[in-house]
Amino acid sequence: MVKLTIDEREITVEEGATILDAAKLAGIKIPTLCYHKRLNPIGSCRMCVVEIEGLPNPMTACTTPVAEGIKVVTNSERLQRMRRETLKLMLVNHPLDCPVCDKGGECSLQDLVYEFEIETAEYRAEKKEREAIYATPLIRYWPDRCIMCLRCVAACRDIKALGAIDIVGSGFGAGISPVNKEKCESCGECIKVCPTGALTENLSRYKGRTWMVNRVKTTCAYCGCGCQLELNVMNNRVIGITTKDDDEVNRGSLCVKGRFGYEFIGSEERLTKPLIKRDGKFHEAAWDEALDLVAERLTAIKTAAGSDAIAGLSSARCTNEENYLMQKFLRAVIGTNNIDHCARL
Ligand code: FES
């Protein structure tokens, strides 16, 4: 264990922890942007600078390991001035389009700019039109909103083990690009970790602001993994999916189906009434009529050919309870073990 002092408070942490870890443990808040608990320290944004007694220059708390006896200051006039200047530099090319940005209301950059009371983008650079290129029609990259924190690049490489995106260019022209386009799975991990609105999804645009939606926690129904997600509901329609880093099972990650495959829920093409085929054509029917027909036909097959002439194929898109009922129906009512489920495929 290592003992150190942060803001005059003595803290004991495990060896190998960073100053940021120690501060968090003690409930001391240090502003961060590129730090993400699921990623190795990146150290790109410089918001987490702290002073260490005896060192001439501030160090980044997220990348500096603790050492026995060091004395750390997290909040001084010099540090606040440096953080303010850092934020101003991040705004050099930023369009300040928060009113139409999908991330408005839950953007870490917006929160820090507000906290530091930065009212105007003081520094400007020559405006360059930059193309919003990305590997997938589901995800949009907004180069001018990007603060080059590199969380998206690190998450694509280290969490998803894909390495589909990376930085290209340098200086003001630098941006994120799908350098290995064929590896992109459109999982949206990059959107999930982006601390600003530089990466957004195309499906939910202009459908509802973050503070207008009701977030309903549920389990993804696409396969048997049990990933946790939140349906973003507005006016009784699902307009997006979000996740939480602390959720068990998936810790905020999803695959492309879980993150973007929600439009079927409110689709006009969903069947809402039973259909019975007569003379080669489907006709809408009442539930009683349809259920009577199914019961009659199943009974006829069972009588003529035995229970094992019938099989049931259940679905990963049903709930656990619905799948249970299906197997119970096949085993206990029909009398066969011919029951299967698509999730194992
Ligand atoms: Fe430490 Fe970005 S949070 S450098």
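Being a predicted model, the structure only gives us computed values, none of them experimental.

Rules used throughout
Residues numbered from 1 in each chain as written. Predicted model: local features only at pLDDT ≥ 70, side-chain atom pairs only at ≥ 80, totals over all residues. Heavy atoms only, no water. Helix = DSSP H or I, 4+ residues; strand = E, 2+ residues; numbered from the N terminus. Rg over C-alpha atoms; globule rule 2.2 N^0.38 Å. Buried < 20%, exposed > 50% of the residue type's maximum accessible area, 1.4 Å probe, protein only. Contact = heavy atoms within 4.5 Å. Areas by Shrake-Rupley, 256 points an atom, 1.4 Å probe, with all protein chains shown as cover. Lys, Arg positive; Asp, Glu negative; His and termini not counted. Charge placed at Lys NZ, Arg CZ, Asp CG, Glu CD. Pairing = 2+ DSSP bridges. Axes fitted to C-alpha atoms, helices over the stretch in contact; angles between N-to-C directions. 1 Å grid on protein atoms, 1.4 Å probe; cavity = no way out; pocket = protein on both sides within 12 Å on 5 of 7 lines; lining within 4 Å. Points joined across faces, edges and corners; volume = space filled by probe spheres on them. Nonpolar A, V, L, I, M, F, W, Y, C, P; charged D, E, K, R; others polar. Polar contact = N/O pair within 3.5 Å; in protein donor to acceptor, adjacent residues only side chain to side chain.

Participant: Would you mind going over the overall build of the protein chain with me for this structure?
Facilitator: Per the secondary structure count, the protein chain includes 8 helices and 16 strands. For 345 residues, the compact-globule formula gives about 20 Å, and the C-alpha radius of gyration of the protein chain, at 27 Å, lies well above that figure. The C-alpha extent of the protein chain, read off along each of the three principal axes, is 90 × 50 × 35 Å. For the protein chain, with 345 residues in total, the buried portion stands at 43%. If you take every contact in the protein chain between residues at least 6 apart in sequence, the share linking residues at least 24 apart comes to 58%. Of the accessible surface of the protein chain, which amounts to about 20,100 Å², a share of 52% is contributed by carbon and sulfur atoms. The protein chain carries 47 positive and 47 negative side-chain charges, and their two centres are separated by 2 Å.

Participant: Sorry if this is basic, but what is going on with the sheet that holds strand β12 (residues 237-242) here?
Facilitator: For sheets, the rule is that strands pair by backbone hydrogen bonds, running either parallel or antiparallel. Here we have 3 strands laid out as an open sheet, ordered β10-β11-β12, and antiparallel in their pairing. Bordering the open sheet on either side are β10 (214-219) and β12, each of which pairs with just one other strand. The average undirected angle you get between the axes of adjacent strands in this sheet is 35°. As defined by bridge partners, strand β11 (residues 228-234) adjoins β12 across 5 bridges and the pair is classed as antiparallel. Residue pairing in the sheet places N232 in a bridge with G240 of β12.

Participant: Would you explain the pairing of β12 in this entry?
Facilitator: For a regular strand, the rule is simple: side chains alternate between the two faces of the sheet. Burial of β12 is extensive: 5 of the 6 residues sit out of reach of the surface. Between β11 and β12, which pair antiparallel one after the other, the connecting turn spans 2 residues, and N235 there sits at a positive phi close to 50°.

Participant: Honestly, the layout of surface pockets in this entry has me stumped. Any pointers?
Facilitator: Empty space among the atoms becomes visible once a probe the size of a water molecule is rolled across them. Approximately 1,200 Å³ is the volume found for the largest pocket. In terms of lining, the largest pocket is formed by 49 residues, of which the most central are K103, E106, I191, K192 and C194. Broken down by secondary-structure element, the contributors of at least two residues to the lining of the largest pocket are α3 (108-115), α5 (189-193), β9 (199-201), β11, β12 and α6 (256-260). When the residues that make up the lining of the largest pocket are grouped by side-chain class, the tally is 18 nonpolar, 12 polar and 19 charged. Estimates place the volume of the second largest pocket at around 320 Å³. Elements with a contribution of two residues or more to the lining of the second largest pocket: β10, β11 and α6. Its residues assigned to classes, the lining of the second largest pocket comprises 9 nonpolar, 4 polar and 3 charged.

Participant: Any chance you could explain empty space enclosed by the protein here in plain terms?
Facilitator: Counted under the stated rule, the structure contains 3 cavities of 30 Å³ or more. In this model, the second largest cavity occupies a volume close to 70 Å³. Here the lining of the second largest cavity is composed, by residue class, of 12 nonpolar, 1 polar and no charged.

Participant: I would appreciate a short explanation of the sheet that holds strand β3 (residues 49-52) in the present structure.
Facilitator: Spatial strand order, β2-β1-β5-β3-β4: 5 strands in an open sheet with mixed pairing. The sheet terminates laterally at β2 (9-13) and β4 (59-60), the two strands that pair on one side only. Sheet topology places strand β1 (residues 2-6) next to strand β5 (residues 71-73); 2 bridges connect them, and they run parallel. Paired with T5 across the two strands is K71, which belongs to β5.

Participant: Is there a simple way to explain the side chain of S186 in this structure?
Facilitator: Tracing the sequence through the fold places S186 in the loop between β8 (175-177) and α5. Look at S186 and you get buried, because its relative accessible area is 12%. Setting aside residues no more than four positions away along its own chain, S186 makes contact with T136, L138, I139, V256 and F260.

Participant: Sorry if this is basic, but what is going on with the environment of R151 here?
Facilitator: Relative to the helices and strands, R151 is located in helix α4 (residues 151-159). Here R151 falls in the buried class, since its relative accessible area comes to 10%. With 110 residues separating them along the chain, R151 and P41 place their C-alpha atoms 9.5 Å apart. At a separation of 3.4 Å, a polar atom in the side chain of R151 contacts the main-chain carbonyl oxygen of C34.

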